[in-house]
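Coordinate analysis (summary)
Below, each chain spelled out in residue letters.
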Amino acid sequence: MPPAHALPQRRPFRRLWLAYALLCLMCWLLYAVAGTDWQRDAGRFWFGLYEATWNLGPAFLLGPLAWPWTRALQQRPRRLAVRLGWHALGAVVFAALWQGLDVATAWLFFGAAHASATFEQGLVWRGAWGLFVYGVLVFGFGGVLNAQRAHSAALKAAQTEAALVRAELSAISGKLNPHFLFNTLNSLLMLVRRDPARAESALLGFSRMMRYVLDSTRLPDARVSLREELGFVRDYLALEQLRLGPRLRVEWDIAPEAEDEALPPLSLQPLVENAVGHGIAPQVDGGLLTIRAQCSPQALHLRVQDDGAGCEWPRPSDASPTGRGIGLSALQRRFELDYDGRAGWAVSSAPGQGFTVDIHLPRS
């Protein structure tokens, strides 16, 4: 059995020679039709087929020889003048072979005298036709070779771009995951010092979160259901509420039909973590975190909103970067790569007006 990588190469060549055979058949029939006077003697059509076979048959048989010749000239870089010289030589050889095959066939079937007469009568016109047919063959086969090279180049470019996208997605996930882990471990460390019994329960929730992270982010283009992502976020918020207590209030607005929608893992958790860490935890009285998920026929609409202090957004170009800004830019870039630019993203914030992130993910 041939190797898998060789199989796709056979089909284009099969189509090439099928097209060549159909073109030869069309030329053969057109030659016969053009030589038939349908009003006087329609029976001459059969004689026209005979003449088409006799005159065009050698060219049809010699045509495939132009394929390896054209490919060999295109594979080696040469100056235009040199390439034209080789093609001129090829045209002469093609015309000479056509003449030789025609004369040999006439000699075989009708004898030397008929072959000599055929050579003398057809020398000029068959030589001219040989040059013309050679040019048509070289032009056609050259176009096929150029199309194959363009297709291969486009395929390699697409594969390279896909590899770069996957690498960037992996890098972005690699930035988001440790950020979440370090913050969560710090929260657990503070809880162990204050309340060991509650820390044990929190560690069970943390183990579920770790299992989710390991199971869902092994591939950069992995998908999970919104229900799974929300379960992960609930475990995370349970840990944060152990630390913040009643200062952290959460409001859920989840449409039941949205829970089965697929999305990249860790899509909501970085937004929730930013909202808790930058919007609610710094406030003495805490704040309200709102998580919303709705569906439309075209997209899954997600919102993460806090009523914290907010900030000027978009941030001025000379402002120092913040953890929220770095996390948001990485997450936004991840959605752009994951959905080929079809994901919608909007941030709304101002000093004293909280912080809102809206995401619109196209439905599959």
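Residues numbered from 1 in each chain as written. Predicted model: local features only at pLDDT ≥ 70, side-chain atom pairs only at ≥ 80, totals over all residues. Heavy atoms only, no water.

1. Considerations on the overall build of the protein chain
When helices and strands are counted, the protein chain shows 9 helices and 7 strands. Per-residue burial for the protein chain yields a buried fraction of 37% across its 364 residues. Put simply, 73% of the contacts in the protein chain that link residues at least 6 apart link residues at least 24 apart. A total accessible area of about 21,100 Å² is found for the protein chain, and carbon and sulfur atoms account for 63% of it. (Helix = DSSP H or I, 4+ residues; strand = E, 2+ residues; numbered from the N terminus. Buried < 20%, exposed > 50% of the residue type's maximum accessible area, 1.4 Å probe, protein only. Contact = heavy atoms within 4.5 Å. Areas by Shrake-Rupley, 256 points an atom, 1.4 Å probe, with all protein chains shown as cover.)

2. A word on a nonpolar patch on the surface
Where nonpolar side chains cluster on the molecular surface, the patch consists of Leu65, Trp86, Leu89, Val93 and Leu97 and spans about 440 Å² of accessible area. Along the chain, the position of tryptophan 86 falls in helix α4 (residues 80-110). (Patch = residues over 30% accessible without salt bridge, like charges linked within 9 Å, V, L, I, M, F, W, Y side chains within 5 Å. Salt bridge = Lys/Arg side-chain N within 4 Å of Asp/Glu carboxyl O.)

3. A few points about the packing of helix α7 (residues 226-244) against helix α8 (residues 269-280)
Their axes nearest at 10 Å, the elements α7 and α8 cross at an angle of 20 degrees. The orientation of α7 relative to α8 falls into the category roughly parallel. In the crossing of α7 with α8, the sense of the turn from one axis to the other is right-handed. Taking contact as the criterion, the partners of Glu229, Phe232, Val233, Tyr236, Leu237, Glu240, Arg243 and Leu244 in α7 are, on α8, Gln269, Val272, Glu273 and Val276. Its residues assigned to classes, the contact of α7 with α8 shows 7 nonpolar, 1 polar and 4 charged. (Axes fitted to C-alpha atoms, helices over the stretch in contact; angles between N-to-C directions. Parallel < 35°, antiparallel > 145°, perpendicular 65-115°, else oblique. Left-handed = near helix turned anticlockwise from the far one by under 90°. Nonpolar A, V, L, I, M, F, W, Y, C, P; charged D, E, K, R; others polar.)

4. Notes on α4
Taking 1.5 Å per residue as the helical rise, α4 with its 31 residues ought to reach 45 Å, and the 44 Å between its terminal C-alpha atoms agrees with that figure. For α4, the full list of buried residues reads His87, Gly90, Ala91, Phe94, Ala95, Trp98, Gln99, Asp102, Val103 and Ala106. (Expected span 1.5 Å × (residues − 1).)

5. Describing the packing of aromatic side chains
With the rule as written, the count across this model stands at 8 aromatic pairs. Pairing phenylalanine 94 with tyrosine 134 gives two aromatic rings, centres 6.1 Å apart and planes at 50 degrees, and the pair type is tilted. Taken together, the residues span a long stretch of sequence, with phenylalanine 94 in helix α4 and tyrosine 134 in helix α5 (residues 112-194) at a distance of 40 residues. Each member of the pair, phenylalanine 94 as well as tyrosine 134, is classed as buried. Pairwise contacts between aromatic rings join Trp17, Tyr20, Trp67 and Phe141 into one cluster. Across the ring face of tyrosine 339, the terminal group of arginine 223 is positioned such that the distance to the ring centre comes to 5.0 Å. (Phe/Tyr/Trp six-rings, centres within 6.5 Å; stacked < 30°, edge-to-face > 60°. Lys NZ or Arg CZ within 6 Å of the ring centre and 35° of its normal.)

6. Here's the deal with the nonpolar core
Core analysis: the largest hydrophobic core is formed by 47 residues, its most contacted members being Leu226, Leu237, Val272, Leu289 and Leu302. It is α7 that contributes the most residues to this core, 9 residues altogether. Once residues lying within four places of it in the same chain are set aside, the contact partners of leucine 237 are Leu248, Val250, Trp252, Val272, Val276, Leu289 and Ile291. If you look at the next biggest cluster of nonpolar residues, it comprises 16 residues, including Ala59, Ala66, Ala91 and Val133. (Core = buried A, V, L, I, M, F, W, Y, C linked by side-chain atoms within 4.5 Å.)

7. Considerations on the side chain of serine 225
On the secondary structure map, serine 225 appears in strand β1 (residues 224-225). Setting aside residues no more than four positions away along its own chain, serine 225 makes contact with Glu259, Asp260, Glu261, Ala262 and Leu263.

8. Observations regarding α8
Most of α8 sits out of view: 10 of its 12 residues are buried. Turning to α8, its buried residues are Gln269, Pro270, Leu271, Val272, Glu273, Asn274, Ala275, Val276, Gly279 and Ile280.

9. A word on the pattern of salt bridges
Across all of its chains, the model carries 7 salt bridges by this definition. Within this structure, Arg227, Glu259 and Asp260 form a network of salt bridges that share partners.

10. So, the pairing of strand β4 (residues 287-295)
Note on strand geometry: in a regular strand, side chains alternate between the two faces of the sheet. Relative to β4, strand β2 (residues 248-254) is paired through 7 bridges, and the arrangement is parallel. Within the sheet, the bridge partner assigned to aspartate 253 lies in β4 and is arginine 292. Hairpin connection, β4 to strand β5 (residues 299-306): the antiparallel pair is bridged by 3 residues. (Pairing = 2+ DSSP bridges.)

11. Some details on the environment of cysteine 27
Within the secondary structure, cysteine 27 is located in helix α1 (residues 7-34). With a relative accessible area of 32%, cysteine 27 lands in the partly exposed category. Distance from cysteine 27 to alanine 52, taken between C-alpha atoms, is 8.6 Å for residues 25 residues apart in sequence. With residues up to four places along the chain from it excluded, the contact list for cysteine 27 reads Leu56 and Phe60.

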